[in-house]
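# Structural characterization, general
Below are the chains, spelled out letter by letter.
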Number of protein chains: 2
Amino acid sequence: MDVDDVSQKPHDRLGAWLAPDMDRVNVLIRDRMASRHAPRIPEVTAHLVEAGGKRLRPMLVLAAARMCGYDGPFHVHLAATVEFIHTATLLHDDVVDESAQRRGRPTANLLWDNKSSVLVGDYLFARSFQLMVEPGRMDVLDVLCNASATIAEGEVLQLTAAQDLATTEEIYLQVVRGKTAALFAAAAEVGGMIADATPAQVAGLRDYGDALGIAFQIVDDLLDYGGVAETIGKNTGDDFRERKLTLPVIKAVALADADETAFWQRTIAEGDQAEGDLSRAQEILARHGAMEAARADAIAWAERAKSALDPLPAHDLRDMLVDLADYVVARIR
Amino acid sequence: MDVDDVSQKPHDRLGAWLAPDMDRVNVLIRDRMASRHAPRIPEVTAHLVEAGGKRLRPMLVLAAARMCGYDGPFHVHLAATVEFIHTATLLHDDVVDESAQRRGRPTANLLWDNKSSVLVGDYLFARSFQLMVEPGRMDVLDVLCNASATIAEGEVLQLTAAQDLATTEEIYLQVVRGKTAALFAAAAEVGGMIADATPAQVAGLRDYGDALGIAFQIVDDLLDYGGVAETIGKNTGDDFRERKLTLPVIKAVALADADETAFWQRTIAEGDQAEGDLSRAQEILARHGAMEAARADAIAWAERAKSALDPLPAHDLRDMLVDLADYVVARIR
């Protein structure tokens, strides 16, 4: 892979730059995932960890640490920590209640069962806490523990807010921080901390992760309703069918007339959906400019992410993070 | 409650001695359980935390700290930490797979759902880690993080070992440490640590908690098959019906002839149980002296718990912990 190839996607360029570090992260992950006593654990986690996601969270830790001049060993531990937390969260997200299980999602639950997903997730959480203790930095521990609490709180909030038409954009942001942005923010922040970056740099890294995560989620929301361009995402309509109150819908609900309120009440709050409802939802979203407004929000968050990096030193990795923020919203430009 | 009333049970006497501390623990638990954003959290946890269990784990922290002369504030944080870990574990234990759900246990799942149990449990774990960071003691963090990993590993191990007739006493002990003893041991150990007890005292406290937890679990196993005396526990047969390989059964399986092996294979490994099987299991356990042998083990662990306290200073609380170890096995004497 050629690092100088500007046609590469930003996360591929990050991956290439950080490859030696990421190799060490992967070795550490496999090492700490192992369990002498309970071989089921690597069975379940390999399914997720080896699946090879974009590894964006560990790369944020590594990039932040490296651009701030870190050359110690512990950015690797912290990168593995955030990947463990992320993997544990995925396992626990896969736990379904009875009704969802009937829909037969191809989750870890179908390969094992709810109880394995829960307990192996707990094991990964416990392992992540062991890892985060190792650098011996109380400030880092604070950040990661607080992120864990924000994640869990956001997940619970989502349970209750998901189908509640009274959900505001403020609540939406809290949920998104729990789902995505809190771990992005903590990853970038602890990377800076371990490198003894200045407080302004650490705060900038945190804001970058937070804003990037929020932009990322809003783009996801938009693509699920087909995006603003003609390109239709392959998952179009999943959020609608799963009755998720995403940002475009929240904006449209706030502007709804009586008919539309009844429509959202029936389809989202009550889950009574029929043929043609998704198209009608898309029409309503377009009519109120809800898609355009959410698009503007995503772009503003991406801009905020980029300018948050202003206090950071000039560095290839910094440029890649700037490009990454642009790339996240490029699909809805 | 009269502290001098020797007829009181040891944990009631501990509770009376530690009442002012326990009041502070309860205030802290309620405070940290609260969630501004997700009111479902205290709803779910109050169900467990307010139910008023024996609070043995936080009392072990407090008793260890106090008998070692601690007069700072952080034993309260650590006591709340272990109660949060315990409560989170209970919530996650309540998550059932589909087959178990059909049996309709009256768990938190019936009041809410699997997903709430998982996510609120995660929130309590995250809160417990925030709490354990606050004293600023890396050694305490190590102990509690390691205990969390042992608990999770033991729970996963139990999933796979539960109905496997090849389960050895060694694996049984690992499972029991995960289920009970690891948190008892960590609770007592961090109580000593926060009080800057000597290494020998800290090790003694740890061994006490470990041995007490193991004795506790073996007694539970025995009572579930009716105990060794005539007293029949009200839960008699639950472990058999749930096909748990408890210590008496493991001992009997090791000594089984071909007929008996076929019996255990059918009833435990395959779960094909009929009228009269429980009585036959009890007969087999008695024939091989499996109940007596497990009883001897429990008593030996209780003795080990008591002598582990030898390095600790003379103190009312130490005497109560000694009495507690005797009390745990008194029901099978």
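In this text the structure is predicted, and so the values were computed from the model without any measurement.

## Observations concerning the relation of the copies chain A and chain B
The operation linking the two copies of the chain is a rotation about an axis combined with a translation along the axis. Mapping chain A onto chain B calls for a screw motion: a turn of 180 degrees about the axis and a shift of 0.0 Å along it, with 0.0 Å RMSD after fitting. Such a turn and shift between the copies fits a two-fold axis. Comparing interface residues between copies, 100% of those in chain A also sit at the interface in chain B, which points to an isologous, same-surface contact.

## Quick look at the state of the cysteines
All told, the structure shown has 0 disulfides over all chains when counted by the stated rule. Note on Cys145 of chain B: no disulfide assigned, nearest cysteine sulfur contributed by Cys145 of chain A at a separation of 7.8 Å. Owing to a relative accessible area of 1%, Cys145 of chain B belongs among the buried residues under this scheme.

## Structural notes on the interface of chain A and chain B
Accessible area lost during the coming together of the parts is what is often quoted as the interface size. Counting from both sides, the interface comprises 45 residues of chain A and, opposite them, 45 residues of chain B. For the pair chain A and chain B, the two sides together bury roughly 4100 Å², of which 70% comes from carbon and sulfur. Run the count over chain A and chain B and you get 8 residue pairs in polar contact (both at pLDDT 80 or more). Breaking the side of chain A that touches chain B down by element, the ones donating at least two residues are helix H3 (40-49), helix H5 (74-93), helix H6 (98-102), helix H8 (114-133) and helix H9 (138-161) of chain A. With 14 residues, the top contributor of residues to the side of chain A that touches chain B is H9 of chain A. Across the side of chain A that touches chain B, the residue classes break down as 20 nonpolar, 12 polar and 13 charged.

## Re the packing of aromatic side chains
Throughout the structure, instances matching the rule amount to 9 aromatic pairs over all chains. Relative to Phe240 of chain B, the ring of Tyr225 of chain B lies with its centre 6.4 Å away and its plane at 75 degrees, an arrangement referred to as edge-to-face. With Tyr225 of chain B in the loop between helix H11 (199-224) and helix H12 (238-241) and Phe240 of chain B in helix H12, this pair connects stretches of sequence that are 15 residues apart. Overall, Tyr225 of chain B belongs to the buried group, its relative accessible area being 4%. Under the relative-accessibility criterion, Phe240 of chain B is labelled buried at 2%. Three or more aromatic residues joined by ring pairs make a cluster, and in this case those are Tyr225, Phe240, Phe263 and Trp264 of chain A.

## Some remarks on the packing of H5 of chain A against H8 of chain A
Residue and element names in this part refer to chain A. Running from N to C, H5 and H8 cross one another at 160 degrees; their axes reach a closest spacing of 8 Å. Looking at the two axes, H5 sits roughly antiparallel to H8. Relative to H8, the crossing made by H5 is left-handed. Contacts between H5 and H8 involve His77, Leu78, Ala80, Thr81, Phe84, Ile85, Thr87, Ala88, Thr89, Leu91 and His92 on the former and, on the latter, Ser117, Val118, Val120, Gly121, Asp122, Leu124, Phe125, Arg127, Ser128, Leu131 and Met132. Of the residues in the contact of H5 with H8, the class split is 12 nonpolar, 8 polar and 2 charged.

## Some details on unusual backbone geometry
Residue and element names in this part refer to chain A. With a phi close to 60 degrees, Arg243 is a non-glycine residue in the positive phi region. Here Arg243 is to be found in the loop between helix H12 (238-241) and helix H13 (247-254). Given a relative accessible area of 22%, Arg243 falls into the partly exposed group.

## So, H8 of chain A
A rise of 1.5 Å per residue sets the reference length of H8 of chain A, with its 20 residues, at 28 Å; its end C-alpha atoms lie 29 Å apart and thus fit the reference within 8%. Along H8 of chain A, 20 of the 20 residues are buried, which leaves the element largely enclosed by surrounding structure.

## Quick look at the pattern of salt bridges
A full pass over the atoms with the stated rule returns 40 salt bridges over all chains. Among the ionic pairs, Glu292 of chain A bridges to Arg295 of chain A, the shortest N-O distance being 3.4 Å. One end of the pair is Glu292 of chain A and the other is Arg295 of chain A, both in helix H16 (residues 290-308) and 3 residues apart, which spans about a single turn. Between Lys244 of chain B and Asp239 of chain B there is a salt bridge, with the nearest N and O atoms lying 3.8 Å from each other. With a relative accessible area of 27%, Lys244 of chain B lands in the partly exposed category. On the basis of relative accessible area, Asp239 of chain B is assigned to the buried category, the value being 10%. When salt bridges with common partners are traced through the structure, they connect Asp21, Arg24 and Arg66 of chain A into a single cluster.

## Considering the side chain of Thr167 of chain A
All names here are of chain A. Along the chain, Thr167 falls in the loop between H9 and helix H10 (169-194). On the accessibility criterion, Thr167 (10% relative accessible area) is buried. A polar side-chain atom of Thr167 sits 2.7 Å from the main-chain carbonyl oxygen of Asp164. Excluding its chain neighbours within four sequence positions, the residues that come into contact with Thr167 are Ala161, Tyr172, Leu245 and Ile250.

## A closer look at helix H4 (residues 56-67) of chain B
All names here are of chain B. Here H4 is 12 residues long and its end C-alpha atoms lie 16 Å apart, about the 16 Å a rise of 1.5 Å per residue gives. In terms of burial, H4 is a largely internal element, 11 of the 12 residues being buried. Every buried residue belonging to H4 is among Leu56, Arg57, Pro58, Met59, Leu60, Val61, Leu62, Ala63, Ala64, Ala65 and Met67, and all of these are buried. In the core, the buried residues of H4 are packed alongside helix H1 (10-17), helix H2 (19-33), helix H5 (74-93), helix H10 (169-194), H11 and helix H17 (316-330).

## A short note on the packing of helix H1 (residues 10-17) of chain A against helix H4 (residues 56-67) of chain A
All names here are of chain A. Taken N-terminus to C-terminus, the directions of H1 and H4 make an angle of 60 degrees; their axes are 10 Å apart at the nearest point. When the axis of H1 is compared with that of H4, the two are oblique. Remark: the crossing between H1 and H4 carries left-handed chirality. Together, His11, Leu14, Gly15 and Trp17 of H1 and Leu56, Met59, Ala63 and Arg66 of H4 make up the contact between the two elements. Of the residues that constitute the contact of H1 with H4, the class distribution is 5 nonpolar, 2 polar and 1 charged.

Conventions we followed
Residues numbered from 1 in each chain as written. Chains lettered and ligands numbered in written order. Predicted model: local features only at pLDDT ≥ 70, side-chain atom pairs only at ≥ 80, totals over all residues. Heavy atoms only, no water. Least-squares fit on C-alpha atoms with pLDDT ≥ 70 in both. Contact = heavy atoms within 4.5 Å. Disulfide = S-S within 2.5 Å. Buried < 20%, exposed > 50% of the residue type's maximum accessible area, 1.4 Å probe, protein only. Buried area = accessible area lost by both parts, 1.4 Å probe. Polar contact = N/O pair within 3.5 Å; in protein donor to acceptor, adjacent residues only side chain to side chain. Helix = DSSP H or I, 4+ residues; strand = E, 2+ residues; numbered from the N terminus. Nonpolar A, V, L, I, M, F, W, Y, C, P; charged D, E, K, R; others polar. Phe/Tyr/Trp six-rings, centres within 6.5 Å; stacked < 30°, edge-to-face > 60°. Axes fitted to C-alpha atoms, helices over the stretch in contact; angles between N-to-C directions. Parallel < 35°, antiparallel > 145°, perpendicular 65-115°, else oblique. Left-handed = near helix turned anticlockwise from the far one by under 90°. Expected span 1.5 Å × (residues − 1). Salt bridge = Lys/Arg side-chain N within 4 Å of Asp/Glu carboxyl O.

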